[in-house]
Amino acid sequence: MPSLGRLHLITDTRPGRDPLTVVRAALTVARADLVVQVRVEDSATDRETYDLARRVVALCAPYGATCLVNDRLHVALAVGAAGGHVGADDLPVAAARHVLGPAAVLGATAREPGTAAEAVTAGAGYLGVGPCRPTRTKEGLPPPIGVAGVRAVAGAVDVPVIAIGGVTASAVPALRAVGAYGVAVVGALSGAADPARATTELIEALTC
């Protein structure tokens, strides 16, 4: 599996957001340390997802950054993304690995040690763990697991753990201290007045 960046930017395609502008700003700062996860609203068509993902792949390439596609693995294959990410309601991890192949980056969502270990056994190369804190960027999420929950998962697996859910730069040191390899963000960048500056703050927190 290719080396994994520590900062994961999940695209925010809600009305009024401009995901490509945010991706461009983040790339100029984070470069190869950035992983862009293309996530769309459930109502988005495959063609809309394809068009966005194709553009993100092209933006990432000059920087050596990684582009993944959440949920829609056929789109990941169609645009030549590095891989994908699956959640609890998507394809099982083993099936996702079969679709993407052995060399692709494959992430899976987990929130407790048992399911985390199962996902790794089934083929996940990293885990998105959370939500760590309350967040409004996605509906229907379970209660936050906090720093203790991230610690429990990180101690149970030997793959990178990416903490997600309400993460800001100020929260990064505590998450890194309990074993998180990196963090995934939506609102911390898509809602920032200056996404490049916000990216700088997150990268500094992740690398200090």
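Our structure is the block above this text.
Predicted model only: the values in this text are computed from it and were never measured.

**Observations concerning the state of the cysteines**
For the structure shown, the criterion picks out zero disulfides. Note on Cys-60: no disulfide assigned, nearest cysteine sulfur contributed by Cys-67 at a separation of 5.1 Å. There is no disulfide at Cys-132, and the cysteine sulfur nearest it, in Cys-208, is 17 Å away. Look at Cys-132 and you get buried, because its relative accessible area is 6%.

**Side note on the sheet that holds strand E2 (residues 34-38)**
Read around the closed barrel, eight strands run E1-E2-E3-E4-E5-E6-E7-E8, paired in parallel fashion. Taken over all neighbouring pairs, the strand axes of this sheet differ in orientation by 25° on average, direction set aside. For strand E3 (residues 66-70) and strand E4 (residues 83-86), the ladder comprises three bridges, and the chain directions are parallel. Pairing of Leu-68 across the sheet is with Gly-83, part of E4. In this fold helix H4 (residues 93-100) packs onto E4 and strand E5 (105-110), with an angle of close to 165° to the strand it touches most, E5. Strand contacts of helix H6 (residues 146-154): strand E6 (126-129) and strand E7 (161-164), with the helix running at about 165° to E7, the strand carrying the most contacts.

**Some points on the environment of Gly-187**
You can see Gly-187 is positioned in helix H8 (residues 187-190). Counting along the chain gives 27 residues from Gly-187 to Pro-160, while the straight-line C-alpha distance between them is 22 Å.

**Remarks on the pairing of E6**
In E6, alternate side chains face the same way, and those of Tyr-126 and Gly-128 on one face and Leu-127 and Val-129 on the other are all buried. Where E5 lies against E6, four bridges are found, and the strand directions are parallel. Along E6, the bridge assignment pairs Gly-107 with Tyr-126. With helix H5 (residues 113-122) bridging E5 and its parallel neighbour E6, the resulting β-α-β unit is right-handed. Looking at chain direction, E6 and E7 are connected through three bridges and run parallel. What sits directly across from Gly-128, in E7, is Ile-162.

**Remarks on the packing of helix H1 (residues 19-30) against helix H9 (residues 195-207)**
Between H1 and H9, the least distance of the axes is 8 Å, while the angle of their chain directions is 45°. With respect to H9, the axis of H1 lies oblique. Crossing of H1 against H9: the hand is right-handed. Across the interface between the two elements, Val-22, Ala-25, Ala-26, Val-29 and Ala-30 of H1 pack against Pro-195, Ala-196, Thr-199, Thr-200 and Ile-203 of H9. For the contact of H1 with H9, the per-class residue count stands at eight nonpolar, two polar and no charged.

**So, helix H2 (residues 46-60)**
Compared with an ideal rise of 1.5 Å per residue, which puts 15 residues at 21 Å, H2 spans 21 Å between its outermost C-alpha atoms and is within 8% of the ideal. For H2, the set of buried residues is Thr-49, Leu-52, Ala-53, Val-56, Val-57 and Cys-60. Taken down its axis, H2 places every buried residue within 140° of arc, on the same side. Residues of H2 that are exposed and point more than 90 degrees away from the buried face comprise Arg-47 and Ala-58. Looking at the buried residues of H2, the elements they touch are H1, E2, E3 and helix H3 (73-79).

**Considering the nonpolar core**
With 62 residues, the main nonpolar core has Leu-34, Leu-127, Val-150, Leu-175 and Val-183 as its most contacted residues. Of all the elements, H1 adds the most residues to this core, at six residues. Sequence-distant contacts of Val-150, defined by excluding residues within four places in its chain, comprise Val-129, Cys-132, Ile-145, Val-161, Ala-163, Leu-175, Val-178 and Ala-180.

**Let's talk about the pattern of salt bridges**
Under the definition given, this model contains six salt bridges. When the shortest N-O distance is used, the salt bridge between Arg-14 and Asp-12 registers 2.8 Å. The partly exposed category is assigned to Arg-14, whose relative accessible area is 22%. With a relative accessible area of 5%, Asp-12 lands in the buried category. Among the salt bridges present, the one from Arg-197 reaches Glu-201, with a minimum N-O distance of 3.6 Å. Note that Arg-197 and Glu-201 are positioned in helix H9 at a spacing of four residues, about one turn of the helix. On the basis of relative accessible area, Arg-197 is assigned to the exposed category, the value being 56%. Salt bridges sharing common partners tie together Asp-12, Arg-14 and Arg-17.

Criteria and thresholds
- Note that residues are indexed from 1 along each chain, following the sequence as it is written.
- For this predicted model, a pLDDT threshold of at least 70 governs which residues receive local features, and a threshold of 80 or more governs which side-chain atom pairs are given and counted, while totals over whole chains, interfaces and linings are taken from all residues.
- Processing note: side-chain calculations cover all non-hydrogen atoms of the structure and skip hydrogens and water entirely.
- Only a pair of cysteine sulfur atoms within 2.5 Å counts as a disulfide in this structure description.
- Here's how the labels work: a residue is buried when its accessible area is under 20% of the maximum for its type, exposed when over 50%, partly exposed in between, all with a 1.4 Å probe on protein chains only.
- Strand pairing is assigned whenever DSSP identifies at least 2 bridges connecting the two strands.
- Runs of E in the DSSP output that reach at least two residues are strands. Runs of H or I that reach at least four are helices, and both are numbered from the N terminus.
- Working convention: axes come from line fits to C-alpha atoms, limited for helices to the stretch in contact. Angles between N-to-C directions cover 0 to 180 degrees.
- Should any heavy atoms of two residues lie within 4.5 Å, those residues are counted as being in contact.
- Crossovers are described as right-handed under a simple rule: with the strands pointing away from the observer, the path leading from the first strand over the helix to the second runs clockwise.
- Here is the rule for angles: anything less than 35 degrees is roughly parallel, anything more than 145 is roughly antiparallel, 65 through 115 is roughly perpendicular, and the remaining ranges are oblique.
- By convention the crossing between two helices is left-handed if the near helix lies anticlockwise of the far one by an angle smaller than a right angle, and right-handed if it lies clockwise.
- Each residue gets one of three labels, nonpolar for Ala, Val, Leu, Ile, Met, Phe, Trp, Tyr, Cys and Pro, charged for Asp, Glu, Lys and Arg, and polar for the others, Gly among them.
- Here, expected helix span is obtained from the residue count minus one, scaled by 1.5 Å.
- Arc definition: directions from the helix axis to the C-beta atoms.
- The term nonpolar core refers to a set of buried residues drawn from Ala, Val, Leu, Ile, Met, Phe, Trp, Tyr and Cys, joined through side-chain atoms within 4.5 Å.
- Whenever a carboxyl oxygen of Asp or Glu lies within 4 Å of a side-chain nitrogen of Lys or Arg, that contact is scored as a salt bridge.

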